[in-house]
Amino acid sequence: MIVYMIFLKVLSFIVGAMIVAGALLSAIETLVLPRGAPNLLTRAVFVFVRHLFDLRLHWVRSYAGRDRVLAFFAPVSLLLLLPTWLTMVLIGYMGMFWAVGAGSWNEA
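Described in the following lines is the structure provided in the data block. (Residues numbered from 1 in each chain as written. Predicted model: local features only at pLDDT ≥ 70, side-chain atom pairs only at ≥ 80, totals over all residues. Heavy atoms only, no water.)

### What about the packing of helix H1 (residues 2-31) against helix H4 (residues 73-99)?
Two numbers describe a pair of packed helices, the interaxial angle and the distance between the axes. Counted only if it meets this: The angle between two axes is taken between their N-to-C directions and runs from 0 to 180 degrees, where each axis is a line fitted to C-alpha atoms and a helix contributes only its stretch in contact. The helix count covers DSSP runs of H or I at least four residues long, the strand count covers runs of E at least two residues long, and both are numbered beginning at the N terminus. An angle below 35 degrees is treated as roughly parallel, one above 145 as roughly antiparallel, one from 65 to 115 as roughly perpendicular, and anything else as oblique. Crossing chirality is assigned from the near helix's rotation relative to the far helix, an anticlockwise turn below a right angle marking it left-handed and a clockwise turn marking it right-handed. Under the convention adopted here, Pro, Cys and the residues Ala, Val, Leu, Ile, Met, Phe, Trp and Tyr are nonpolar, Asp, Glu, Lys and Arg are charged, and Gly plus all remaining residues are polar.
As a packed pair, H1 and H4 sit with axes 7 Å apart at the nearest point and diverge in direction by 155°. Here H4 runs roughly antiparallel to H1, going by the angle between their axes. Taken as a pair, H1 and H4 cross one another with a handedness that is left-handed. Taken together, the residues of the contact of H1 with H4 sort by class into 20 nonpolar, 6 polar and 1 charged.

Dropping the structure here:
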């Protein structure tokens, strides 16, 4: 049982560190790099937001109307990336804190 807990804590720490590193790398590639760099997390958020916009675009027929709706696509997607990165960093650090000795997930 003790070996199982040690394995679980080591695994939790490694996965948490990978989540934090992935979120920070995504933020750097999206906001800092002067050229486009493919990033899976950024793409996933943009695709999700595009599906939401497509639901709204279903009812719009004119080009001007579609243009008005899609003008908000990039800003909304970028603003949604911020809480996504924050949530990933919080979850990653929670896993790492739990692995190094926090008593419960709530304390971590």
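On we go.
### Some points on the packing of aromatic side chains
This is how the line gets drawn: Classification of ring pairs rests on two measures: the distance between centres of Phe, Tyr or Trp rings, Trp counted by its six-membered ring, which must be within 6.5 Å, and the angle between planes, read as stacked under 30 degrees, edge-to-face over 60 and tilted in between. A ring is scored as having a charge over it whenever the NZ atom of a lysine or the CZ atom of an arginine sits within 6 Å of its centre and within 35 degrees of its normal.
Counting across every chain of the model gives 3 aromatic pairs. Residues phenylalanine 46 and phenylalanine 73 carry aromatic rings whose centres are separated by 5.8 Å and whose planes lie at 85° to one another, so their mutual orientation is edge-to-face. Within this pair, whereas phenylalanine 46 is found in helix H2 (residues 40-57), its partner phenylalanine 73 is found in helix H4, the two being separated by 27 residues in sequence. A network of ring pairs unites the aromatic residues Phe46, Phe53 and Phe73 as a single cluster. Over the ring of tryptophan 98 we find lysine 9, and its NZ or CZ is 5.0 Å from the ring centre. Residue placement shows arginine 50 over the ring face of phenylalanine 73; its charged tip is 6.0 Å from the ring centre.

### Focus: the side chain of threonine 42
Here is the rule: Pairs of N or O atoms are called polar contacts if they sit within 3.5 Å, as long as, within protein, a hydrogen donor faces a hydrogen acceptor (for residues adjacent in sequence, only side-chain-to-side-chain pairs). Should any heavy atoms of two residues lie within 4.5 Å, those residues are counted as being in contact.
Among the secondary structure elements, threonine 42 is positioned in helix H2. Side chain to side chain, threonine 42 and serine 26 meet in a polar contact 3.2 Å long. With residues near it in sequence (within four places) discarded, threonine 42 still touches Ser26, Thr30 and Leu81.

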